[in-house]
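Okay, here's what each chain looks like letter by letter:
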Amino acid sequence: MKPLLAHPLPPSRRTDRRAFALPLVILLALVAALATAVILQRQGTGYAAVQRQVDLYHKHHRNMGMQEMIDRWVGTIRGPIAERLGAGGLAFELMLPHGDVTRVFLADGQGTVLNDLSAIKGPEAQYTRRTLEILQDRFGDQNPPEGSGGAPLYRDSGPSKISAAGATLEVLEAVAQAVAPESNWQRFVSDLAQRRQEAVLVQSDIRSIALAAGLSQDEAAGLEMMLTADPIVWRVEVETRNTMNPARGRERHGGLIEISREPVSMGQATRFLTWDDLPER
């Protein structure tokens, strides 16, 4: 008796099985590719988040180091800071490891108008508000962009007094007009600008120039209230460049610093009002 033999599948049925398996293989490959993409995306997102945290950590400690460096220098100062500045307002220069050179510059930063009136009252607040209105009508309510060449007009913190030596003519005109709108405030601005070109201003100059310009005693007192010849807010700029690799360019950081006249154990006290990265020149 002959053994039973399995009959081979007809060609049509074998083709059907292969046709069914091919889409299944493609689907599995697609699922695997999608799963791999999701895993890689999550890894990339996690790496980017970690890198952002590292960058913020480095930036924070770099800025704190720069501020401590400036604070220690200020603590050694005796007398007016302006007398300790070199050409271009250079305060000091440091040679750092790996060829980095850091130069710190200071400039009068109180020649702008305080645009936060919450901490001032009485005539001081009234004069400041009028000054802001005059400037905003002429120039808008925003400072010119950093690097545009325009001088800043406003600041968010610090005292309300404005530096008579550091203010632009536009700011001086707005202050004088706010305090003495019916008097010859134009002559006061002209005479003050001339005086500060000839010599270092002292506080008594403000009243004497106002009275000589024909302003009343009250108006002269108002200008003396709004203007100061002894600023305590300074604009600081820190510039770092690498002497071994000039292609790295220059990094710039800075902001406003308030240097108190009240002595502390190591010298003068400082308070940083603003601090940020500055565009490269």
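Owing to the predicted nature of the structure, the values given are computational and were not obtained by experimental measurement.

Engineer: For the overall build of the chain, give the residues involved together with the corresponding values.
Structural biologist: Scanning the chain from terminus to terminus reveals six helices and ten strands. Buried residues in the chain amount to 33% of all 281 residues. As displayed, the chain offers around 17,500 Å² of accessible surface, 57% of which is attributable to carbon and sulfur atoms.

Engineer: Describe the packing of helix H3 (residues 169–179) against helix H4 (residues 185–198), with residues and values.
Structural biologist: Packed helix pairs are specified by the crossing angle of their axes together with the interaxial distance, meaning the distance between the axes. It is at 9 Å that the axes of H3 and H4 come closest, and there the two elements cross at 140 degrees. Classified by the angle between their axes, H3 and H4 sit oblique to one another. Between H3 and H4 the crossing geometry is right-handed. Contacts between H3 and H4 involve Leu169, Leu172, Glu173, Ala176 and Gln177 on the former and, on the latter, Trp185, Phe188, Val189, Leu192, Ala193 and Arg196.

Engineer: Which residues make up the confidence of the model for the chain, and what values do they have?
Structural biologist: On average, residues of the chain carry a pLDDT of 83, and 79% of them reach 70 or more. Here helix H1 (residues 11–75) is the element of the chain with the lowest mean pLDDT, 69, and H3 is the one with the highest, 97.

Engineer: If you had to explain a nonpolar patch on the surface to someone new, which residues and values would you point to?
Structural biologist: On the surface, Leu27, Leu30, Val31 and Leu34 cluster together to form a nonpolar patch covering roughly 380 Å² of accessible area. For valine 31, the location among the structural elements is in helix H1.

Engineer: Outline H4, supporting the account with residue identities and numerical values.
Structural biologist: Here H4 contains 14 residues, and its C-alpha end-to-end distance of 20 Å stays within 8% of the 20 Å for a straight helix at 1.5 Å per residue. Lining the buried residues of H4 we find H3, helix H5 (203–212), helix H6 (217–226) and strand E6 (227–228).

Engineer: Requested: an account of the nonpolar core, with residues and values cited.
Structural biologist: Among the nonpolar cores identified, the biggest contains 35 residues, and Ile162, Val171, Val175, Phe188, Leu192, Leu223 and Leu227 are the most heavily contacted of them. Here this core takes seven residues from H3, the largest share from any one element. Listed in part, the 18 residues of the second largest apolar core include Trp73, Val236, Val238 and Ile259.

Engineer: Summarise the pattern of salt bridges; cite the residues concerned and give the values.
Structural biologist: Taken as a whole and assessed by the stated rule, the structure comprises eight salt bridges. Between aspartate 191 and arginine 187 there is a salt bridge whose closest N-O contact spans 3.2 Å. On the criterion of helical spacing, the pair formed by aspartate 191 and arginine 187 is a turn pair, its members being four residues apart in helix H4. Relative accessible area serves as the criterion here: at 27%, aspartate 191 is assigned to the partly exposed category. The partner of arginine 207 in a salt bridge is glutamate 224, and the shortest N-O contact between them spans 3.0 Å. Residue arginine 207 is located in helix H5, and its partner glutamate 224 is located in helix H6; the two are separated by 17 residues in the primary sequence.

Calculation criteria
- Residues numbered from 1 in each chain as written.
- Predicted model: local features only at pLDDT ≥ 70, side-chain atom pairs only at ≥ 80, totals over all residues.
- Heavy atoms only, no water.
- Helix = DSSP H or I, 4+ residues; strand = E, 2+ residues; numbered from the N terminus.
- Buried < 20%, exposed > 50% of the residue type's maximum accessible area, 1.4 Å probe, protein only.
- Areas by Shrake-Rupley, 256 points an atom, 1.4 Å probe, with all protein chains shown as cover.
- Axes fitted to C-alpha atoms, helices over the stretch in contact; angles between N-to-C directions.
- Parallel < 35°, antiparallel > 145°, perpendicular 65-115°, else oblique.
- Left-handed = near helix turned anticlockwise from the far one by under 90°.
- Contact = heavy atoms within 4.5 Å.
- pLDDT = per-residue confidence, 0-100.
- Patch = residues over 30% accessible without salt bridge, like charges linked within 9 Å, V, L, I, M, F, W, Y side chains within 5 Å.
- Salt bridge = Lys/Arg side-chain N within 4 Å of Asp/Glu carboxyl O.
- Expected span 1.5 Å × (residues − 1).
- Core = buried A, V, L, I, M, F, W, Y, C linked by side-chain atoms within 4.5 Å.

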